Amino acid sequence: MKGKSKGSKTKLGLPTVFLLCFLFFFAGFYGSALLSQDVPAISPRLRMLEMVEPDDITAMPHGETGEPSMDSIPFQILSWKPRALYFPKFATAEQCQNIIEMAKTRLTPSTLALRSGENEENTKDTRTSSGTFISSSEDETGTLDFIERKIAKTTMIPRTQGEAFNVLRYEIGQKYDSHYDAFNPAEYGPQSSQRMASFLLYLSDVEEGGETMFPFENGAKLTSYDYKQCVGLKVKPRRGDGLLFYSLLTNGSIDQTSLHGSCPVINGEKWVATKWIRDQGRLD
Ligand SMILES: O=C(O)CCC(=O)C(=O)O
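Attention here is on the structure that accompanies the text. (Residues numbered from 1 in each chain as written. Predicted model: local features only at pLDDT ≥ 70, side-chain atom pairs only at ≥ 80, totals over all residues.)

Here the focus is the site of the ligand. The ligand sits among Leu-168, Tyr-176, Asp-181, Ser-198, Leu-200, Thr-212, His-260, Gly-261, Ser-262, Val-272 and Thr-274. Looking at the shell around the ligand element by element, the count peaks at three residues for strand S12 (residues 260–262). Considered class by class, the residues forming the shell around the ligand number four nonpolar, six polar and one charged. (Near = placed C-beta within 6 Å. Helix = DSSP H or I, 4+ residues; strand = E, 2+ residues; numbered from the N terminus. Nonpolar A, V, L, I, M, F, W, Y, C, P; charged D, E, K, R; others polar.)

Shown next as C-alpha cells:
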C-alpha cells in the first residue's frame, strides 16, 4: 500500500495558478505605471476625470457681453507664489515685428517711479533699458488692439484697466533690478488705483541672459538679497510668448513674492512689451 510520504508537496490546482498569475500581472502593471511617472502620482480615477473629449464641447448661449465661440489659449502655471502663468505662442512673429517697428524710432531711456530719498542720479543703474509707451489707438496695423483684447480675455480684466503698452529694448548688459510693479503706499504715498497684474509679451528671442526673474518665488527668503542678483524662478524670453503674473493677492494686498526683474542680457537683444493692469479702470 502506498502511503502519503511525510515531506510530500501540496499540489496547486489549475484555478489557483491562474488566479496567482492574474494577481502578479496586475501588481506589476500598476507598480511600473506609477514608478514611470515623474509627476506626483495622481490616481487613475482622477486622471480619467481630467480627460475631456474636444468633440464633446459645444458653446452655450451667451450673455450680451459674452462671445459665441469657444477659445483655447494654452498656458502653463509657472508658480502659485506669485501667481504666474506662461502663454506659449501668444502672438505671431509678424505681430511681434510690427510692435518693434512702431517702437524703435521713439525709444528713450527707461524711467522709474521714485521713492523718497531716491533721485535720477542714485537710481541710474537700476533700470538701464530704453523704451516707449504706445497705446492701441496709435497702431494702424491693429496689432496692439488684437493683443490687448487677447490679454483681457486671458486675465478676464477689462481692457479699460490696462495702461498703454510699455515697449522695452535691452541691449547687451542692460537689465532691470528686482522691484514690485504695485506701489506700496507706505513708500509711494496714497494710490488712487493700483497695478494688480502685469502681462509681458516677449517680442524677440534672446541668445543668452535677459530672463525675467522672480527671486522670492515660493516665499524664498534670500538672506541679504541685494536686488541686483539674477536668481530664483527665471523665464527665458522667446518671441511671441507671454508671461502673466499678479502683483496683488486676492485680498488686495501686495504679494511679496511678486518681486521681479530682468537679468542682464549677455548675448543678443531683448524686446518686450509690458502691459500693467490696474485694479480700477479709466472708464469705471
Ligand atoms: O523685462 C522684463 O523681463 C521685466 C520687465 C519689468 O519688470 C517691468 O516692466 O516691470
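Strand pairing in a sheet takes place through backbone hydrogen bonds and is either antiparallel or parallel in direction. Reading across the sheet, the four strands line up as S6-S12-S9-S10 and stay open at both edges, with antiparallel pairing between neighbours. Looking along the sheet, the strands with just one partner apiece sit at the ends: strand S6 (176–179) and strand S10 (233–235). If you compare each strand with its neighbour and ignore which way they point, the axes differ by 15° on average. (Pairing = 2+ DSSP bridges. Axes fitted to C-alpha atoms, helices over the stretch in contact; angles between N-to-C directions.)

A few words on the pairing of strand S4 (residues 130–134). Relative to S4, strand S3 (residues 108–109) runs antiparallel, the two sharing two bridges. Within the sheet, the bridge partner assigned to Pro-109 lies in S4 and is Ser-130. Alignment of S4 against strand S5 (residues 165–170), held across five bridges, turns out to be antiparallel. Across the sheet, residue Phe-133 finds its bridge partner in S5, namely Asn-166.

Keep in mind these numbers describe shape, not what the thing actually does.
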